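Listed here are the chains, written in short residue letters.
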Amino acid sequence: LLLAGAVAYYALLSIVPLLILTVIWLSHVIDQRELLATIGRYLEWLVPSQSAAVAGHARQLGGLMWQLQRERLLTAAFVATPSASPDQMLQQQKVVDSTVAEVRGALGDDAPDELSAALTRIGSLGELRQNAARRGVALDSVARTYNAVVDAVIDALRLVPQLTSDAEGARELTALDALLRANEENSLRAMALIVTAVSPEAGRSILDDATQQAPIFIDRFVKQGDDGDDSERAALVVRVEQSDAGR
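Quantities reported herein were computed from a predicted structural model and do not represent experimental measurements.

J.: Can you tell me about the nonpolar core, naming the residues and giving the values?
T.: Within the largest apolar cluster, 47 residues are counted, with the highest numbers of intra-cluster contacts made by Leu61, Leu64, Leu68, Leu119 and Ile122. Of all elements in the fold, only α3 (52–80), α4 (87–107), α5 (113–122), α6 (125–133), α7 (139–157), α8 (167–198) and α9 (200–224) reach the threshold of two or more residues within this core. Residues within four places of Leu64 in sequence aside, it is in contact with Val96, Thr99, Val100, Val103, Leu119 and Ile122.

See the structure below:
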C-alpha cells in the first residue's frame, strides 16, 4: 500500500510539469504572427473613417497583449515547477518591457491618457515578478493579476462605446473589442489548467469563469456581422476558436 501510494505521488509530481509544458506548447499553436495577422486582416475590413485611428492603436497593442499572455504562462510554469530554470521567464519579462517601450514610441506624445495609464500599469507587475522569482506567489494570483493588466489595455482602447457618427466603424470596433476579449479569455483558460494542476479549487474557479466568458465574446463578435461578408468572417473566427487548436 505504501509502495502504491509512493508511485501515485511521484506520478502526480511528473504530471504537473508535463501539463505545463503541454499548455506552453499549445500557446504556440496560434502564435503571435497569426494573432496579429488576424487582427490586421480584421482592421483592413474597417471602412475609412475617424475610427481608423482607434483601430490603429489596437493593432499596435495586439502584440503587447500576446507577449503579456506568454509571460503569464512562463511565470506560472516556473512557479509551479521547483526544478525549472527562470531563464525563459526572465527573458520574456525583458521582451514585454521592450514591447512596452516600442508601443510608447509608436503612440508618441499624443497618446490618449487611457493608453498611457494602461502602459504604466504594466510597470505594476514588478512586485509580482520579484515574488515569482522567489516562487513566493500563488498561481491564481499570477493568473488574475495578468488578466487585470490585459483587460486594462483592452479597456484603454475604448473600442466600445465610441461616440462617432460612423455607425459602420463603430460596429466594426465593437466586434474588434469582442475579438480581443475572447482571445484573452481563451488564453486565461490555458493558464487555468496549470493552476488547476497545482490547486484544483482555485484553478477550477478561473477555468469556469473563462469558459463562461469566452463564448459570450465570440457570440458578440458574430452578432456584429450583420451582412453576408461579415457573417462569413465571423464564422471563420468561430471555427478557429472552436477548433482543436483553439480549444
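J.: If you had to explain the pattern of salt bridges to someone new, which residues and values would you point to?
T.: Per the stated rule, a full pass over the model turns up 7 salt bridges. In this structure, the salt-bridge partner of Asp97 is Arg129, at a minimum N-O distance of 3.1 Å. Taken as a pair, Asp97 in helix α4 and Arg129 in helix α6 lie far apart in primary sequence, 32 residues in all. Looking at Asp97, the relative accessible area reads 41%, which means it is partly exposed. A cluster of three or more residues bridged by salt bridges with shared partners is formed by Glu71, Asp97 and Arg129.

J.: Run through the packing of aromatic side chains, naming residues and quoting values.
T.: Following the criterion strictly, the structure yields 0 aromatic pairs and no others. Directly above the aromatic system of Phe78 lies the positively charged group of Arg135, at a separation of 3.8 Å from the ring centroid.

J.: Could you give me a rundown of α7, with the residues and numbers involved?
T.: Residues that lie three or four places apart on an α-helix share one face, since the helix turns once every 3.6 residues. In this model, α7 (19 residues) spans 28 Å end to end at C-alpha, consistent with the 27 Å of a helix rising 1.5 Å per residue. All of the buried residues along α7 are Leu139, Val142, Ala143, Tyr146, Asn147, Val149, Val150, Ala152, Val153, Ile154, Ala156 and Leu157. Two residues or fewer after α7 comes Arg158, characterised by a positive phi angle close to 50 degrees.

J.: Tell me what's going on with the packing of α4 against α6, and back it up with residues and numbers.
T.: If you want to describe how two helices pack, look at the angle between their axes and the distance between the axes. Two numbers describe how α4 lies on α6: the axes approach to 12 Å, and their chain directions differ by 170 degrees. Between α4 and α6, the crossing angle belongs to the class labelled roughly antiparallel. Contacts between α4 and α6 involve Met89, Gln93, Val96 and Asp97 on the former and, on the latter, Arg129, Ala132 and Ala133. In terms of residue class, the contact of α4 with α6 is made up of 4 nonpolar, 1 polar and 2 charged.

J.: I'd like a description of α9, backed by residues and values.
T.: With 25 residues, α9 should cover 36 Å at 1.5 Å per step; its first-to-last C-alpha distance of 37 Å lies within 8% of that length. Regarding α9, the residues found buried are Ala202, Gly203, Ile206, Leu207, Ala210, Ala214, Phe217, Ile218, Phe221 and Gln224.

J.: Mind laying out the environment of Leu207, listing which residues take part and the relevant values?
T.: Position of Leu207 relative to the elements: it lies in helix α9. For the pair Leu207 and Ala192, spaced 15 residues apart in sequence, the C-alpha separation works out to 5.2 Å. Leu207 has contacts with Arg189 and Ala192, leaving out every residue within four places of it along the chain.

J.: An account of the packing of α4 against α5 is needed here, citing residue identities and associated values.
T.: Remark: α4 packs on α5, axes separated minimally by 11 Å, with the N-to-C direction vectors making an angle of 165 degrees. What the angle tells us is that α4 and α5 run roughly antiparallel. Here the hand of the crossing between α4 and α5 comes out left-handed. Contacts from Val96, Val100, Val103, Arg104 and Leu107 of α4 reach α5 at Leu115, Ser116, Leu119, Thr120 and Ile122. In the contact of α4 with α5, the residues fall into 7 nonpolar, 2 polar and 1 charged.

What counts as what
Residues numbered from 1 in each chain as written. Predicted model: local features only at pLDDT ≥ 70, side-chain atom pairs only at ≥ 80, totals over all residues. Heavy atoms only, no water. Core = buried A, V, L, I, M, F, W, Y, C linked by side-chain atoms within 4.5 Å. Buried < 20%, exposed > 50% of the residue type's maximum accessible area, 1.4 Å probe, protein only. Helix = DSSP H or I, 4+ residues; strand = E, 2+ residues; numbered from the N terminus. Contact = heavy atoms within 4.5 Å. Salt bridge = Lys/Arg side-chain N within 4 Å of Asp/Glu carboxyl O. Phe/Tyr/Trp six-rings, centres within 6.5 Å; stacked < 30°, edge-to-face > 60°. Lys NZ or Arg CZ within 6 Å of the ring centre and 35° of its normal. Expected span 1.5 Å × (residues − 1). Axes fitted to C-alpha atoms, helices over the stretch in contact; angles between N-to-C directions. Parallel < 35°, antiparallel > 145°, perpendicular 65-115°, else oblique. Nonpolar A, V, L, I, M, F, W, Y, C, P; charged D, E, K, R; others polar. Left-handed = near helix turned anticlockwise from the far one by under 90°.

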